[in-house]
Amino acid sequence: MIVAFGDAAARITLNRPEKRNALSLELMEELIAALREASARDSVRAIVIEGAGPAFSAGHDLSEMIDRDETFFSHLFEVCTVMMETIQDLPQPVIAKVHGIATAAGCQLVAACDLAVAAEGARFGTPGVKIGLFCSTPMVPVSRAIGRKRAMQMLLTGETIDAGTALDWGLVNRVVPVAELDAAVAELVDAIARSSSYTVAVGKRAFYDQVDRDEHDAYEQTRAVMTENALAADAQEGMTAFLQKRAPTWTGR
């Protein structure tokens with residue numbers, strides 16, 4: 001695992017290129033720790049996850065899944081779930097920067113991130129059905145990102161989709177030539193960093209709290225959030241600055 005800090009973003013690199021960044025138990029535990037460490041820094045406004053070598057991530061490390069007992073598998077998938085939920089729970093947006101393949105739990109990781117930018121030529125899939133291990137946990141964020149019929153197509157056939165299809169289906173936000181991938185991610189980070197860190201955190205939390213509720217309950221939840229948000233110092237500063245036609249000065253409160 002490689003963690004680097006820039007002006008506004010923490011960049012976490014999955015560093016098992018010889019294994020196509022397969023998500024071993026050790027790597028997933030390292031990623032959870034890196035996410036939490038990055039999130040704890042006030043200067044970090046967004047977190048970028050990428051892969052070293054020719055791929056983003058090929059999913060779970062099958063080599064450590066042979067002749068293991070129930071305790072091992074239960075722990076493995078529990079840690080994977082914690083990793084995915086940690087991404088959602090962090091106050092900063094998490095961006096997947098995807099090249100090569102993102103398959104099985106690697107595709108799950110892309111779907112779990114708040115935003116995703118892919119290079120042309122990237123491919124996505126949930127091929128577990130082909131080896132007798134249905135991608136049941138990957139289906140959770142994938143089905144929520146792309147919908148039931150499309151998710152079932154990926155899950156039941158195990159076939160990969162290209163970056164353009166992933167964009168059309170809503171699995172990624174943008175597809176760019178590989179030479180422009182860094183710049184495209186930087187644009188997202190810069191756009192996020194221009195807003196109040198407090199407001200972004202409030203909005204991210206509210207989004208996931210309301211997205212699976214029925215419409216009435218969603219309004220009940222979000223109007224309470226907006227009331228609290230409107231009272232915050234950064235909201236008052238932002239509205240005042242807009243009316244005064246000046247740039248706001250954020251305090252993160």
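These lines cover the structure that appears in this document, whether it is placed above or below.

1. Let's talk about the environment of Val176
By the element assignment, Val176 lies in strand E9 (residues 174-176). Between the C-alpha atoms of Val176 and Met28, which are 148 residues apart in sequence, the distance is 28 Å. The contacts of Val176, once residues within four sequence positions are left out, are Val117, Ala118, Ala119, Glu120, Leu181 and Ala184.

2. Remarks on the pairing of strand E2 (residues 9-14)
In terms of burial, E2 is largely enclosed, as five of its six residues are buried. As judged from the four bridges shared by strand E1 (residues 2-5) and E2, these two strands associate in the antiparallel manner. Residue Val3 lies in a different strand from E2, and its bridge partner there is Ile12. Taking the residues between adjacent antiparallel strands as the criterion, E1 and E2 are bridged by three residues. Strand direction decides the pairing type here: E2 and strand E3 (residues 46-51), joined by six bridges, are parallel. Its bridge partner lying in E3, Thr13 is registered against Glu50. Regarding topology, helix H1 (residues 25-39) serves as the crossover connection from E2 to the parallel E3, and that connection is right-handed.

3. Some remarks on helix H2 (residues 70-89)
The end-to-end C-alpha distance of H2 is 28 Å, a good match for the 28 Å that 20 residues give at a rise of 1.5 Å each. When we look at burial in H2, the residues that qualify are Phe72, Leu76, Val79, Cys80, Met83, Met84, Thr86 and Ile87. The buried residues of H2 occupy one face: seen down the axis, they fall within an arc of 155°. Residues of H2 that are exposed and angled more than 90 degrees away from the buried face: Glu70, Thr71 and Asp89. Of the surrounding elements, those touching the buried residues of H2 are H1, E3, strand E4 (94-98), helix H3 (105-112) and helix H8 (197-210).

About the criteria used
Residues numbered from 1 in each chain as written. Predicted model: local features only at pLDDT ≥ 70, side-chain atom pairs only at ≥ 80, totals over all residues. Heavy atoms only, no water. Helix = DSSP H or I, 4+ residues; strand = E, 2+ residues; numbered from the N terminus. Contact = heavy atoms within 4.5 Å. Buried < 20%, exposed > 50% of the residue type's maximum accessible area, 1.4 Å probe, protein only. Pairing = 2+ DSSP bridges. Right-handed = clockwise from strand over helix to strand, strands pointing away. Expected span 1.5 Å × (residues − 1). Arc of directions from axis to C-beta.

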